[in-house]
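Close look at the chain arrangement
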Amino acid sequence: MRVIGFDAAGVLVELVGVAQEHAECGRISRHEVSMRHVANPSELFEVGQEIDAEEIGRWGGGELHLSARACEIPALRSFLLAKEPGQVVAGTVAGVHDFGAFVHLDGEPDGLCTGFVRVPDLTWSRIDHPSEVVEAGQRITAEVITAETRSGQVTLSLKGRLVSD
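Quick caveat, the model's predicted, so the values are computed rather than measured. Residue numbering note: each chain is counted from 1, following its sequence as written. pLDDT decides what is reported in this predicted model: residues at 70 or higher carry local features, side-chain atom pairs at 80 or more are listed and counted, and totals for whole chains, interfaces and linings draw on all residues regardless. Heavy atoms from the whole structure form the basis of all side-chain values; hydrogens and water molecules are not counted.

Helix and strand labels come from DSSP, where a helix needs a run of H or I of at least four residues and a strand needs a run of E of at least two; each type is numbered from the N terminus. In terms of helices and strands, the chain carries one helix and 10 strands. From first element to last, N terminus to C terminus, the chain shows the α and β order β-β-β-β-β-α-β-β-β-β-β. Our radius of gyration is a C-alpha quantity, and the globule rule it is checked against amounts to 2.2 Å times the number of residues to the power 0.38. For the chain, whose C-alpha radius of gyration is 19 Å, the value lies well above the compact-globule estimate of 15 Å for 165 residues. Seen through its C-alpha atoms, the chain measures out along the principal axes to roughly 60 × 30 × 30 Å. In what follows, residue pairs with any heavy atoms lying within 4.5 Å of each other are defined as contacts. A sequence separation of at least 24 residues applies to 52% of the contacts in the chain between residues at least 6 apart. Note on areas: Shrake-Rupley, 1.4 Å probe, and residue coverage restricted to the protein chains presented here. Accessible area of the chain: about 9,100 Å², with a carbon and sulfur share of 50%. By the counting scheme adopted, Arg and Lys are positive, Glu and Asp are negative, and His together with the chain ends is not counted. Note on charges: their place is set at NZ of Lys, CZ of Arg, CG of Asp or CD of Glu. Side chains of the chain give 14 positive and 25 negative charges; the mean places of these two sets differ by 2 Å.

Structure below.
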């Protein structure tokens, strides 16, 4: 894609290398520009620059909407695209919080923590806190629920690896 301009909603792009008389245009909304906070997309991009973006859908009469954040870190994107629902992965619990557990998955790009297990996906049993099931530093195997390039996260379940009580 090539950046062709900016508006209040985000970045306007046109698809390059498209074999048609008029290249298709699309939009990258402000929240899809980067995983980092930027006040204005022009801080990251300039008119004429070629960028990578992922199609996320068509709205408003078929207007193409894209995400640049999904392609921002190529190694992360490759890692996430290799994850399929139902796939069993291994990792180390990085932190336990009231809302779930973060997991460093084996093979993820250095410096990132891509795995997350929500409280309902920790166990079949009722618990008061995730620390009843996992603790920081613990090795686990889990089942992939989803891998999302836009959030940079793999949602996991430990329930698939457990026999129901």
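Let's shift gears to the packing of aromatic side chains. Any two of the Phe, Tyr and Trp rings considered here, Trp counted by its six-membered ring, make a pair once their centres fall within 6.5 Å; the pair's planes then place it as stacked at under 30 degrees, edge-to-face at over 60, or tilted in between. Per the stated rule, a full pass over the model turns up three aromatic pairs. Between F99 and F116 the ring centres are 6.0 Å apart and the planes differ by 35°, which places this aromatic pair in the tilted class. Here F99, found in the loop between β6 (88–97) and β7 (100–105), pairs with F116, found in strand β8 (residues 115–118); they are 17 residues apart in sequence, far enough to count as distant. Here the term buried applies to any residue with accessible area under 20% of the maximum for its type, exposed to any over 50%, and partly exposed to those in between, with areas from a 1.4 Å probe on protein chains only. Under the relative-accessibility criterion, F116 is labelled buried at 10%. Joined through ring pairs, the aromatic side chains of F99, F102 and F116 make up one cluster. Stacked on the ring of F79, the Lys or Arg K83 has its end atom at 4.3 Å from the ring centre. The ring centre of W124 lies 4.3 Å from the NZ or CZ of K159, which sits over that ring. Both a distance and an angle decide whether a charge sits over a ring: NZ of Lys or CZ of Arg must be within 6 Å of the ring centre and within 35 degrees of the ring normal.

Our next topic: the sheet that holds strand β5 (residues 63–67). The strands making up a sheet associate through hydrogen bonds between their backbones, and the pairing can be parallel or antiparallel. Any two strands are treated as partners once DSSP identifies two or more bridges connecting them. Spatially, β1-β2-β3-β5-β4 is the arrangement adopted by the five strands of the open sheet, whose pairing is mixed. With one partner strand each, in any of the chains shown, β1 (2–7) and β4 (54–59) form the two edges of the open sheet. Sheet twist, expressed as the mean angle between neighbouring strand axes with direction ignored, is 35°. Where strand β2 (residues 10–14) meets strand β3 (residues 25–29), five bridges bridge the pair, whose relative direction is antiparallel. Counted as the bridge partner of V11 is I28 from β3. To get an axis, fit a line to the C-alpha atoms, keeping to the stretch in contact for a helix; angles then go from 0 to 180 degrees between the N-to-C directions.

Where the model shows low pLDDT, its predicted coordinates should not be examined in detail. Each residue carries a pLDDT score, the predictor's own confidence in it, on a scale running from 0 to 100. Overall, the predicted model of the chain reaches an average pLDDT of 92, with 95% of residues at or above 70. Mean pLDDT across the secondary structure elements of the chain bottoms out at β4, with 92, and peaks at β7, with 98.

On to the side chain of S67. Residue position: S67 is located in strand β5. Overall, S67 belongs to the buried group, its relative accessible area being 0%. Here a polar contact is recorded for every N or O atom pair within 3.5 Å, except that within protein the pair must consist of a potential hydrogen donor and a potential acceptor, and residues adjacent in sequence are included only if both atoms are side-chain atoms. A distance of 3.2 Å separates a polar atom in the side chain of S67 from the backbone nitrogen of A70. Not counting chain neighbours up to four residues away, the residues in contact with S67 comprise E32, A53, E54, I56 and R150.

Considering the arrangement of structural elements, one finds D98 in the loop between β6 and β7. Using a relative accessible area of 62% as the deciding quantity, one classes D98 as exposed. Separated by 33 residues in the primary sequence, D98 and S131 have C-alpha atoms spaced 8.5 Å apart. Excluding residues that lie within four positions of it along the chain, D98 makes contacts with V119, H129 and P130. Looking at D98, its side chain comes within polar contact range of the side chain of H129, at 2.9 Å.

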